[in-house]
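# Structural description and commentary
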Number of protein chains: 2
Amino acid sequence: MRIAVIGLGLIGGSLLRALAKAGHDVVGFDADPATGELARAAGFEIAGSVRETVAGSAVAVVAVPLPILPQVVADLDGYDGLVTDVTSVKGPVRDLMAGRRFVGGHPMAGKETSGFAASEAGLFEGCAWVLCLEPHGPDLGDWLSLAGLFTGLGARVVPVTATEHDTAVAQISHVPHLFAAVLAEQLLSNPLAGALAAGSFRDGTRVAATRPELIAAMCGGNWSAVHRELHRLIGELEQLAGVLESRDPVGELTFHLGRASAARRSWPATAGRPETIAADVQALLALGRAGGWVTEVKGRELVGKRPEPDRYLP
Amino acid sequence: MRIAVIGLGLIGGSLLRALAKAGHDVVGFDADPATGELARAAGFEIAGSVRETVAGSAVAVVAVPLPILPQVVADLDGYDGLVTDVTSVKGPVRDLMAGRRFVGGHPMAGKETSGFAASEAGLFEGCAWVLCLEPHGPDLGDWLSLAGLFTGLGARVVPVTATEHDTAVAQISHVPHLFAAVLAEQLLSNPLAGALAAGSFRDGTRVAATRPELIAAMCGGNWSAVHRELHRLIGELEQLAGVLESRDPVGELTFHLGRASAARRSWPATAGRPETIAADVQALLALGRAGGWVTEVKGRELVGKRPEPDRYLP
């Protein structure tokens, strides 16, 4: 199967390498000629335009940043193959792709470094790769094709709706960046805090060092989920403030923090034994909601794993 | 100089080792006979009671947890040597010690492991060691004695008031534990979040795995600073929520996050050149407020370092 990869940064470049290593016929393209040259020098077939890249390809993976996605999509007019993407927000991309043969994707892979020079064939081994499913579309056969392709690269394919994805990443990535930012900003008004800060501060604020325009684009791209989850988490902090104001703050706080502590100690969860999953939208979405994933696609039958139930209880 | 160390856990045990290595005459005590035996087997002189330990010692370091401190202090009645402690809250301990010859201390040293078995002579090398000073007491000579003792172990001695200390540790340690807890607790209601969570979640919630009774005791012991700083930081998050609701959320957010990002990238600060500090309470407190520390005590003259000014500006 011939696969086109558009955008050859860390994710696109790694995908080109991983797919080629798995025996697929791949062709790449990058709007930056220097990046294209790097990939060509690494032995890959590089096309001269988006249209030229996708011509004759069964699947096109668009691995460009969210702000550039609309213009690449316009260049795909007339292409009748299957399209997927790798951006970190799925609701807005689903809406952008309405009417096209499209399955939204998001590999949860990253490194401190970026660009084709940092790409590696093994980047997706063991990583969670979200592939979006909805009760009404996309085509389940298309979803299964991509699930088979990416599990073949060692990824754990997670079936979720776009909305569920956007809520989850707001919770575990986007809003935590805002938490880290307000903690880090304390250094400005209190230099003493910087002199006393140690390991818990270092780890808790690490992501605050991310370039501000990247955090802002991430949060802005997933606006409604970030806005909702930020307000919800502010409410949780206000509840802890209320606990501090109770008659027995230490006892009450011990009780309230017990659940969070047990949850964190059980993460990441150990999965149960492999199980057979029906190629059915609702069965797949139930697997994703339970924190599970697909490890293998055998025609219309899938193999999946899910965490032990109740594992987070104290 | 003979020094008594009461409580031989990670901090007390490491202090016993470090002081002995630096050539001091040390004697230890622990309420747990098994811990005392461990220390004796490691070659240390171990006394049978608090009174026996401090008899003949010029300095007594009380290295017991905060809840046990009052009963150890009662056992010090009649002792006229200099007393210091190592607990993580300084205002309440200052009040508890009123009328005694006491300088509050807090070495910012820790490890994942605890107890005498985990102790090591090198634990304090390079670590910040808070020693409290107030405009009206403790005695500056006593403060200088301890500053000399602990800089001799390689610690960076930070002069601050008890109130300044308690605010700073609420900002960089206690409240961040509560932030981590509300982020980690999300795993309970959304197993999907646990499947997608990666590095930013791992680091941002690491301290949520701490035993809940320890976090509760820490926050309860520093109640007023934790309560105030938690409310202030909730206000900062609400301000970010307001920025999200602005007409240009991405642009505005980029601007607001820029300061935090620059601050975090410049942390930990590189210090300027060594400078001479007068043995004067206000000069020392000004050094601490600027994020600086004492590296050496030479009689009534001190050597200190402080971070470059404005280093946190974007």
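Residues numbered from 1 in each chain as written. Chains lettered and ligands numbered in written order. Predicted model: local features only at pLDDT ≥ 70, side-chain atom pairs only at ≥ 80, totals over all residues. Heavy atoms only, no water.

### Section: unusual backbone geometry
Short version of the rule: Numbering goes from the N terminus for both helices and strands, where a helix is a DSSP run of H or I of at least four residues and a strand is a run of E of at least two.
Geometrically, the link from Trp267(A) to Pro268(A) is a cis peptide bond, its omega value of -5 degrees lying close to zero. With respect to the helices and strands, Pro268(A) occurs in the loop between α12 (249-265) and β9 (275-278). Omega for the bond connecting Gly137(B) with Pro138(B) falls within 30 degrees of zero, at 5 degrees, which places this linkage in the cis form. Along the chain, Pro138(B) falls in the loop between β7 (128-132) and α6 (140-151).

### What about the interface of chain B and chain A?
Heads up, the condition is: It only takes one pair of heavy atoms within 4.5 Å for two residues to be counted as in contact. When two components associate, each loses some accessible surface as probed by a 1.4 Å sphere; the sum of these losses over both components is called the buried area. Any carboxyl oxygen of Asp or Glu within 4 Å of a side-chain nitrogen of Lys or Arg constitutes a salt bridge here. Polar contacts, as counted here, are pairs of nitrogen or oxygen atoms within 3.5 Å of one another; within protein the pair requires one atom able to donate a hydrogen and one able to accept it, and residues that are adjacent in sequence qualify only if both atoms are side-chain atoms.
Residue-level contacts link 89 residues of chain B with 88 residues of chain A. When chain B packs against chain A, the two sides together hide about 8,000 Å² of surface, and 72% of this comes from carbon and sulfur. Its largest share of buried area at the contact with chain A, chain B owes to Leu196(B), Arg264(B) and Trp267(B), together 9% of the area lost on that side. With a closest N to O distance of 3.3 Å, Glu185(A) and Arg259(B) form a salt bridge. Where chain B meets chain A, there are 28 residue pairs in polar contact (both at pLDDT 80 or more). It is helix α7 (residues 162-189) of chain B that provides the largest number of residues to the side of chain B that touches chain A, a total of 19 residues.

### Quick look at the packing of α12(A) against helix α10 (residues 212-221) of chain B
We count it as follows: Simply put, an axis is a line fit to the C-alpha atoms, just over the touching stretch for a helix, and the angle between two N-to-C directions goes from 0 to 180 degrees. Under this scheme an angle from 65 to 115 degrees is roughly perpendicular, one under 35 degrees roughly parallel, and one over 145 degrees roughly antiparallel; angles in between are oblique. Left-handed describes a crossing whose near helix is turned anticlockwise from the far helix by less than a right angle; the clockwise case is right-handed.
At their nearest, the axes of α12(A) and α10(B) sit 7 Å apart, and the two run at 135 degrees to each other. With respect to each other, α12(A) and α10(B) are oriented oblique. Read as a crossing pair, α12(A) and α10(B) show a hand that is right-handed. For the pair α12(A) and α10(B), the contacting residues are Val250(A), Leu253(A), Thr254(A), Leu257(A), Gly258(A), Ser261(A) and Arg265(A) in the first and Pro212(B), Glu213(B), Ile215(B), Ala216(B), Ala217(B), Cys219(B) and Gly220(B) in the second.

### Let's talk about the pattern of salt bridges
In plain terms, the rule: Accessible area is worked out with a 1.4 Å probe on protein chains only. A residue is then buried under 20% of its type maximum, exposed over 50%, and partly exposed in between.
Evaluated as defined, the whole model comprises 32 salt bridges over all chains. A salt bridge links Asp95(B) to Arg94(B), with the shortest nitrogen-to-oxygen separation between them at 3.3 Å. Residue Asp95(B) is classed as exposed on the basis of its relative accessible area, which comes to 51%. Taking the relative accessible area as the measure of exposure, Arg94(B) reaches 32% and is therefore partly exposed. The closest approach of N and O atoms between Arg232(B) and Glu229(B), which form a salt bridge, is 2.7 Å. In this pair, Arg232(B) and Glu229(B) are both assigned in helix α11 (residues 223-244), three residues apart and thus about one turn of the helix distant. In this structure, a network of salt bridges that share partners links the residues Arg2(A), Asp25(A) and Glu45(A).

### Structural notes on the packing of helix α11 (residues 223-244) of chain A against α7(B)
Note the threshold: All residues other than Ala, Val, Leu, Ile, Met, Phe, Trp, Tyr, Cys, Pro, Asp, Glu, Lys and Arg, Gly among them, are scored as polar; the first ten of these are nonpolar and the last four charged.
Packing of α11(A) against α7(B) brings their axes to within 10 Å, and their N-to-C directions diverge by 125 degrees. The pairing of α11(A) with α7(B) is recorded here as oblique in orientation. Crossing angle aside, the handedness with which α11(A) passes α7(B) is right-handed. Along the contact surface, α11(A) presents Glu229(A), Arg232(A), Leu233(A), Glu236(A), Leu237(A) and Leu240(A), while α7(B) presents Leu178(B), Phe179(B), Val182(B), Leu183(B), Glu185(B) and Gln186(B). Class assignment for the residues of the contact of α11(A) with α7(B) results in seven nonpolar, one polar and four charged.

### Some details on the sheet that holds strand β5 (residues 102-103) of chain B
Residues and elements named next belong to chain B. To be explicit about the condition: Two strands pair under a simple rule: DSSP has to find at least two bridges between them.
Sheet architecture is open: five strands sit in the order β2-β1-β3-β4-β5, paired in parallel fashion. Two strands bound the open sheet, and with one partner strand each, they are β2 (25-29) and β5. The pairing of strand β4 (residues 82-85) with β5 spans two bridges and is parallel. Bridge assignment links Val 83 to a residue of β5, and that residue is Phe 102. The sheet strands contacting α6 are β1 (2-6), β3 (59-62), β4 and β5, and the helix crosses β4 at an angle near 55 degrees.

### A few points about the relation of the copies chain B and chain A
This is how the line gets drawn: When the copies are overlaid, the least-squares fit takes in C-alpha atoms only where the residue has pLDDT of at least 70 in both copies.
Once chain B is rotated about the relating axis by 180 degrees and shifted along it by 0.0 Å, it coincides with chain A to within an RMSD of 0.0 Å. As the rotation angle and translation indicate, the two copies are arranged about a two-fold axis. Within chain B, the C-alpha atom positioned nearest to the axis of rotation is that of Gly204(B), 2.1 Å from it. Of the interface residues in chain B, 99% have counterparts in chain A that sit at the interface too, so the contact is made through matching surfaces.

### Concerning empty space enclosed by the protein
We count it as follows: Within this scheme a cavity is a closed region of a 1 Å grid, computed over the protein atoms alone, that accommodates a 1.4 Å probe without allowing it to escape, whereas a pocket is open but has protein on both sides within 12 Å along at least five of seven lines; lining residues each have an atom within 4 Å of a point. Grid points are joined across faces, edges and corners, and a volume is the space filled by probe spheres set on the points.
Scanning the model with the defined rule gives one cavity of 30 Å³ or more in all. Reported here for the largest cavity is a volume of approximately 130 Å³. Leu183(A), Gly204(A), Thr205(A), Leu183(B) and Gly204(B) are the residues nearest the centre of the largest cavity, which is lined by 19 residues in total. Residue assignment for the lining of the largest cavity shows that the elements contributing at least two residues are α7 (162-189) and α9 (199-204) of chain A together with α7 and α9 (199-204) of chain B. A class-by-class count of the residues in the lining of the largest cavity yields eleven nonpolar, five polar and three charged.

### Quick look at the sheet that holds strand β5 (residues 102-103) of chain A
Within a beta sheet, neighbouring strands are joined by backbone hydrogen bonds and run either parallel or antiparallel to one another. Residues and elements named next belong to chain A. One open sheet holds the five strands; their spatial order is β2-β1-β3-β4-β5, and the pairing between them is parallel. Edge strands, defined here as strands with exactly one partner in the open sheet, are β2 (25-29) and β5. Here strand β1 (residues 2-6) runs beside β2; their pairing, made up of five bridges, is parallel. Residue pairing for β2: Ala 4 is matched across the bridge by Val 27. Together, β1, β2 and β3 (59-62) form the strand contacts of helix α1 (residues 10-21), whose direction differs from that of β2 by roughly 165 degrees.

### Remarks on the domain arrangement of chain A
All names here are of chain A. Note the following rule: Domain limits in this description derive from either an automatic procedure or a database domain assignment.
Under the domain assignment, chain A is made up of domain 1 (2-160) and domain 2 (165-265). Computed from C-alpha coordinates alone, the two centres of domain 1 and domain 2 are separated by 32 Å. The interface is formed by eleven residues belonging to domain 1 together with nine residues belonging to domain 2. Taken over both partners, the interface formed by domain 1 and domain 2 buries close to 630 Å², and the fraction arising from carbon and sulfur atoms is 60%. In terms of surface lost to domain 2, no three residues of domain 1 exceed Ser 88, Val 89 and Met 108, which account for 45% of the buried area on that side. Between the two partners, domain 1 and domain 2, sit zero salt bridges. Applying the counting rule to domain 1 against domain 2 returns three residue pairs in polar contact (both at pLDDT 80 or more). Residues of the side of domain 1 that touches domain 2, tallied by class, amount to six nonpolar, three polar and two charged.

### Observations concerning the packing of aromatic side chains
The test is simple: Stacked, tilted and edge-to-face are the three classes assigned to paired rings of Phe, Tyr and Trp, where Trp is represented by its six-membered ring and a pair needs centres within 6.5 Å; plane angles under 30 degrees give stacked, over 60 edge-to-face, the rest tilted. Charge-over-ring contacts are defined here by two conditions on Lys NZ or Arg CZ: a distance within 6 Å of the ring centre and an angle within 35 degrees of the ring normal.
This model, assessed by the stated rule, comprises seven aromatic pairs over all chains. For the pair Phe124(B) and Trp129(B), a centre-to-centre distance of 5.1 Å together with 50 degrees between the ring planes defines the contact as tilted. The structure contains a cluster of three or more aromatic residues connected by ring pairs, namely Phe124(A), Trp129(A) and Phe150(A). Of note, Arg156(A) hangs over the ring of Trp293(A), and the distance from its end group to the ring centre comes to 4.6 Å.

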